[in-house]
Amino acid sequence: MPRREIAPGRSCFECRRRKIKCDRSHPCSYCVKVRINCKYPALRRAGEDHDALSRVASLESKIVALEKRLAEVEEPSLSRSEPGSKPSARYGGNNRSQDTEYSEARVPRIQGEGAMHDPPSSPPAATAGTRSSMLLRPQAAVDLGLSRPTPSTIAALWQRYLEIVDPVLKIFHTPTVQTLVFQAIQGRDKLDLASECLLFAIYYATVAAMAPSNHKSPILTITNRQITGRNDPDGPDVYALVGLAIGMALKMGLNQDGEAQGYPQFEVEIRRRLWWQLFTLDIRVAEDRGSEPCILESSFNTRLPSNVADTTLHPAMTRPPRGQGRTEMLFSLVRFEGSYFARQMVFSERFRADNSYAGLSSNEARHAIELFQERIEKQYLEYCDESVPLDRVIVQSIRLILAKLRLVAAAGSEAENTVSKGRASACSARSWAQILQDAEALRGYAEGKQWLWLFQTYIEWDGLAHLLQHFWADPPREEEEHWELANRVYSHWKKEQSFQRDGRWKAIQDLWSEVLERWLGPYTT
């Protein structure tokens, strides 16, 4: 058999298996000697290098996420500051320095211009602990028949889901899901496991989002609380679950835009919706945990979903949908964009460097916020009518976030002159008090209460922390209105059992106690 030379560096399968040197001829001398068929790996085709790099980026993101989760398992909680020392609202962070003041840790201190990235969008043409570990262990089979709700309860839950969850958490294509709901109600066709899981997730989300007074006994019987929401104190560790979900999303390739991957247009939109919900949740749980998001900027290029109604989408569609104005996706898009923008400002310098976010001085950060708000107002909010309850919730929530970001940026220029010396300016105190008042007003908005479950864990920790720091330095007698506000907000949060697990609540309690110990006598005389 004639022999020919093979590309350098490539050994045949048999030599690789036996870990011996291959002369890279075809067939090689060893295979000729032992009289076996000599085979070599196929040559890499054009384009495979790109695929390999994508897989490497995905693996790197998974490893970073896993390292963060593991590092936080044994992280000790922060202890209360010594009596008489300057109070600090240090929140139980893992990647942030434990010796950094809260007001300083959240302030961008980077230079340069053009730092704020826009989220990928469609161009005009173009305690991790035993509860978490149980998720990975084999579980006993569950008889869904014992937990499956009655047809009338399924219909009631689905209707309630469309009213209180879908408008603010837009993930599904409701016409498609409604077909599954009808099948479950009619009981004619046996649903597959994936469809059953989807419906049980809908049942849970509906019950978790409903106010306690709205819980009717037929609904309560179907809740097993094996899946969790961030506002469910009885569920497993959301932080760990989000990490698990992100790992699955990366494996499914949701981090790569579906259009470039050749998916049908309908699937492209649904994949974008799901990825951006996970992306936003990653930011929120990182803030809750006092850590940092595990998704890296370099690991995804998934564009924002289109601003279109579900009726515009169809599984058979062949062209990208086009939409604008007030659609049912508007709230989610505002939330996605606001979270993505805030992510570039509120986390540590190391996080910004890891994600190649350019730096901004405090003045540049405030300017970037103004530009961002102008774009959001023009692109989304101008289509909202604040006399409509949901529209009012949309507008007030994003404006509240941006107002807080402005104060976080402003705190950077004041940190050395005021906060680090234990004194917050009266102007800052009024501004943070206004944030607390606006948040309190949004919480108390009766017409929008059915959607406010999403905001129950968006706690203005930093607003109260700054206000208490101000009171620590100056007796609250002269600002009785602000003191009453702080007392009212603190009392409201104190009644919420789910907050007790949050490390930031311990910091707030410490600040509150120190203010009382320092000024209780003068204030009560």
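Residues numbered from 1 in each chain as written. Predicted model: local features only at pLDDT ≥ 70, side-chain atom pairs only at ≥ 80, totals over all residues. Heavy atoms only, no water.

Counting its regular elements, the protein chain contains 19 helices and two strands. The buried share among the 525 residues of the protein chain stands at 48%. Looking at the protein chain as shown, the accessible area adds up to about 27,000 Å², and 53% of this sits on carbon and sulfur atoms. (Helix = DSSP H or I, 4+ residues; strand = E, 2+ residues; numbered from the N terminus. Buried < 20%, exposed > 50% of the residue type's maximum accessible area, 1.4 Å probe, protein only. Areas by Shrake-Rupley, 256 points an atom, 1.4 Å probe, with all protein chains shown as cover.)

So, about the packing of aromatic side chains. Within this structure, the stated rule accounts for 19 aromatic pairs. For the ring pair F279 and Y340, a centre distance of 5.8 Å and an interplane angle of 40 degrees mean the geometry is tilted. Taken together, the positions of F279 in helix α11 (residues 265-289) and Y340 in helix α12 (residues 330-346) put the pair 61 residues apart, joining distant regions of the chain. The exposure classification of F279 matches that of Y340, with both residues buried. Aromatic side chains Y490 and W512 sit 4.2 Å apart centroid to centroid with 5 degrees between the ring planes, which places their arrangement in the stacked category. In this pair, Y490 is assigned in helix α18 (residues 480-494) and W512 in helix α19 (residues 503-524), connecting sequence segments 22 residues apart. Pairwise contacts between aromatic rings join W461, F471, W483, Y490, W493, W505 and W512 into one cluster. Stacked on the ring of Y263, the Lys or Arg R271 has its end atom at 4.0 Å from the ring centre. (Phe/Tyr/Trp six-rings, centres within 6.5 Å; stacked < 30°, edge-to-face > 60°. Lys NZ or Arg CZ within 6 Å of the ring centre and 35° of its normal.)

So, about the pattern of salt bridges. With the rule as written, the count across this model stands at 21 salt bridges. The shortest N-O distance in the salt bridge between R272 and D257 comes to 2.8 Å. Of this pair, R272 sits in helix α11 while D257 sits in the loop between α10 (238-252) and α11, and the two are 15 residues apart along the sequence. Of the two residues, R272 and D257, both sit in the buried class. Note that R350 and D354 form a salt bridge whose closest N and O atoms lie 3.9 Å from each other. Placement of both R350 and D354 in helix α13 (residues 349-354) is noted, with a separation of four residues, approximately one turn of the helix. A residue is classified by how much of its surface remains accessible, and D354, at 48% relative accessible area, is partly exposed. Residues participating in the shared-partner salt-bridge network are D257, E259, E269, R272 and R303. (Salt bridge = Lys/Arg side-chain N within 4 Å of Asp/Glu carboxyl O.)

What follows covers the side chain of R271. By the element assignment, R271 lies in helix α11. E267 is the oppositely charged side chain nearest to the buried, salt-bridge-free R271, at an N-O distance of 5.4 Å. There is a polar contact of 3.5 Å between the side chain of R271 and the side chain of Y263. (Lys, Arg positive; Asp, Glu negative; His and termini not counted. Polar contact = N/O pair within 3.5 Å; in protein donor to acceptor, adjacent residues only side chain to side chain.)

Okay, the confidence of the model for the protein chain next. In this model, the protein chain carries an average pLDDT of 76, and 69% of its residues clear a pLDDT of 70 or more. Within the model, pLDDT remains below 50 along residues 123-133, and this stretch shows 14 contacts once partners closer than five positions in the same chain are excluded. Throughout residues 415-424 the model reports pLDDT below 50, and contacts reaching past four residues in sequence, or to other chains, amount to 19 contacts. (pLDDT = per-residue confidence, 0-100. Contact = heavy atoms within 4.5 Å.)

Moving on, we get to the environment of A446. Its place among the elements puts A446 in the loop between α16 (426-443) and α17 (461-473). A446 sits in the exposed class, given a relative accessible area of 55%.

We now examine unusual backbone geometry. Of note, the bond from H26 into P27 is cis; its omega dihedral lies within 30 degrees of zero at -5 degrees. Here P27 is to be found in the loop between β2 (25-26) and α2 (29-34). Backbone geometry places R24, a non-glycine residue, at a positive phi of 60 degrees. As for its placement among the helices and strands, R24 is situated in the loop between α1 (13-18) and β2.

The next subject is the packing of helix α6 (residues 151-164) against helix α7 (residues 174-186). Close contact between α6 and α7 brings their axes to 9 Å; oriented N to C, the two are set at 165 degrees. By the angle between their directions, the pair α6 and α7 is classed as roughly antiparallel. Handedness of the crossing formed by α6 with α7: right-handed. Contacts from P151, I154, A155, W158 and L162 of α6 reach α7 at T174, V177, Q178, V181, A184 and I185. The residue inventory of the contact of α6 with α7, partitioned by class, reads nine nonpolar, two polar and no charged. (Axes fitted to C-alpha atoms, helices over the stretch in contact; angles between N-to-C directions. Parallel < 35°, antiparallel > 145°, perpendicular 65-115°, else oblique. Left-handed = near helix turned anticlockwise from the far one by under 90°. Nonpolar A, V, L, I, M, F, W, Y, C, P; charged D, E, K, R; others polar.)

This part covers the environment of D282. Along the polypeptide, D282 turns up in helix α11. On a C-alpha basis, the gap between D282 and Y239 in space is 8.3 Å, while along the polypeptide they are 43 residues apart. Every residue in contact with D282, bar those within four places of it in the chain, is listed here: V242, I246, P293, C294 and I295.

A separate point is the state of the cysteines. Under the counting rule described, the total for this entry stands at zero disulfides. Cysteine C15 remains unbridged, with the sulfur of C12 as its closest cysteine sulfur at 3.4 Å. The buried category is assigned to C15, whose relative accessible area is 1%. In this structure C38 is not part of a disulfide, and its nearest cysteine sulfur, from C31, lies 3.7 Å away. (Disulfide = S-S within 2.5 Å.)

Moving on: the environment of E517. Within the secondary structure layout, E517 lies in helix α19. Along the chain, E517 and W472 lie 45 residues apart, while their C-alpha atoms are 9.5 Å from each other.

When two helices pack together, their arrangement is captured by the angle between the axes and the distance separating the axes. Where α12 contacts helix α14 (residues 362-379), the axes come no closer than 12 Å and their chain directions differ by 175 degrees. The pairing of α12 with α14 is recorded here as roughly antiparallel in orientation. Each of E337, G338, F341 and M345 in α12 lies in contact with α14, whose residues at this interface are A365, A368, I369, F372, R375, I376 and Q379. Residue composition of the contact of α12 with α14, grouped by class: seven nonpolar, two polar and two charged.

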